[in-house]
Amino acid sequence: MHLGKVTPILRIFDETKALEFYVDFLGFKVDWQHRFEANYPLYLQVSLGECVLHLSEHHGDASPGAAVRIQAPGVDAYQQQLLGKDYRYAKPEVEATPWGSREMSVKDPFGNRVVFVEEGEG
């Protein structure tokens, strides 16, 4: 058996806040959006590099408070880029872990944790 790419689904509750966080702050781009009809919940895909996330307002698609880990070589430079945006709700820090990686964790407006990880040599 061969497994393919994984696409996490993160629960969101407000389109404007989601786009402000994922697009304006983190730098993802919107690949596509879908609603069954006007005034229905939004489902969309955002991406940055090879990382693809699905964001959903649909009840039952995901639970708020999820966590995803994203491989991110150059996490220190990315952190400086994010700090330069002076986003009111997040001032991420990079931590060195006991297992040798460098990690930057940020929470989205819906309680989901997005962790950017630069793997170490160990």
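This text follows the structure it describes.
Residues numbered from 1 in each chain as written. Predicted model: local features only at pLDDT ≥ 70, side-chain atom pairs only at ≥ 80, totals over all residues. Heavy atoms only, no water.

## Focus: the packing of aromatic side chains
Summed over the entire model, instances satisfying the criterion amount to 9 aromatic pairs. Every member of this aromatic cluster is reached through a ring pair, and the members are Phe 21, Tyr 22, Phe 25, Phe 28, Tyr 87 and Tyr 89. (Phe/Tyr/Trp six-rings, centres within 6.5 Å; stacked < 30°, edge-to-face > 60°.)

## Details of the side chain of Ser 47
Counting through the fold element by element, Ser 47 comes out in strand S3 (residues 43–48). By relative accessible area, Ser 47 is classed as buried at 9%. A polar contact is formed between the side chain of Ser 47 and the side chain of Asp 31, at a distance of 2.9 Å. Look past the residues within four positions of Ser 47 in its chain and what remains in contact with it is Phe 28, Lys 29, Asp 31 and Val 52. (Helix = DSSP H or I, 4+ residues; strand = E, 2+ residues; numbered from the N terminus. Buried < 20%, exposed > 50% of the residue type's maximum accessible area, 1.4 Å probe, protein only. Polar contact = N/O pair within 3.5 Å; in protein donor to acceptor, adjacent residues only side chain to side chain. Contact = heavy atoms within 4.5 Å.)

## A few points about the pattern of salt bridges
One pass over the full model with this rule turns up 6 salt bridges. One salt bridge in this structure joins Arg 102 and Asp 76, with 2.7 Å as the shortest N-O distance. Here Asp 76 lies in helix H2 (residues 75–84) and Arg 102 lies in strand S7 (residues 102–107), a separation of 26 residues in the sequence. Since its relative accessible area comes to 31%, Arg 102 is described here as partly exposed. The partly exposed category is assigned to Asp 76, whose relative accessible area is 31%. Note that Asp 86 and Lys 91 form a salt bridge whose closest N and O atoms lie 2.9 Å from each other. Through salt bridges with shared partners, a single ionic network connects Glu 15, Arg 35 and Glu 57. (Salt bridge = Lys/Arg side-chain N within 4 Å of Asp/Glu carboxyl O.)

## Observations regarding the sheet that holds S7
Either a parallel or an antiparallel arrangement is found when strands of a sheet pair, and the pairing is made through backbone hydrogen bonds. Pairing in this open sheet of 4 strands is mixed, and the strands run S5-S8-S7-S6 from one edge to the other. If you trace the sheet from one side to the other, it starts and ends with strand S5 (67–71) and strand S6 (94–96), each paired once. Across the sheet, the axes of successive neighbouring strands diverge by a mean angle of 25°, strand direction being ignored. Against the sheet, H2 touches S6, S7 and strand S8 (113–118), its axis set at about 30° to S7. (Pairing = 2+ DSSP bridges. Axes fitted to C-alpha atoms, helices over the stretch in contact; angles between N-to-C directions.)

## A look at the sheet that holds S3
Pairing within the open sheet is mixed, and its 4 strands lie in the order S1-S4-S3-S2. Among the strands making up the open sheet, the edge pair consists of strand S1 (9–11) and strand S2 (29–34). The sheet shows a mean angle of 25° between the axes of neighbouring strands, taken without regard to direction. Examined bridge by bridge, S1 and strand S4 (residues 51–56) share 3 bridges and lie parallel to one another. Counterpart to Leu 10 in the pairing with S4 is Leu 55. Across the sheet, helix H1 (residues 15–25) is in contact with S1, S2, S3 and S4; its angle to S2 comes to roughly 155°.

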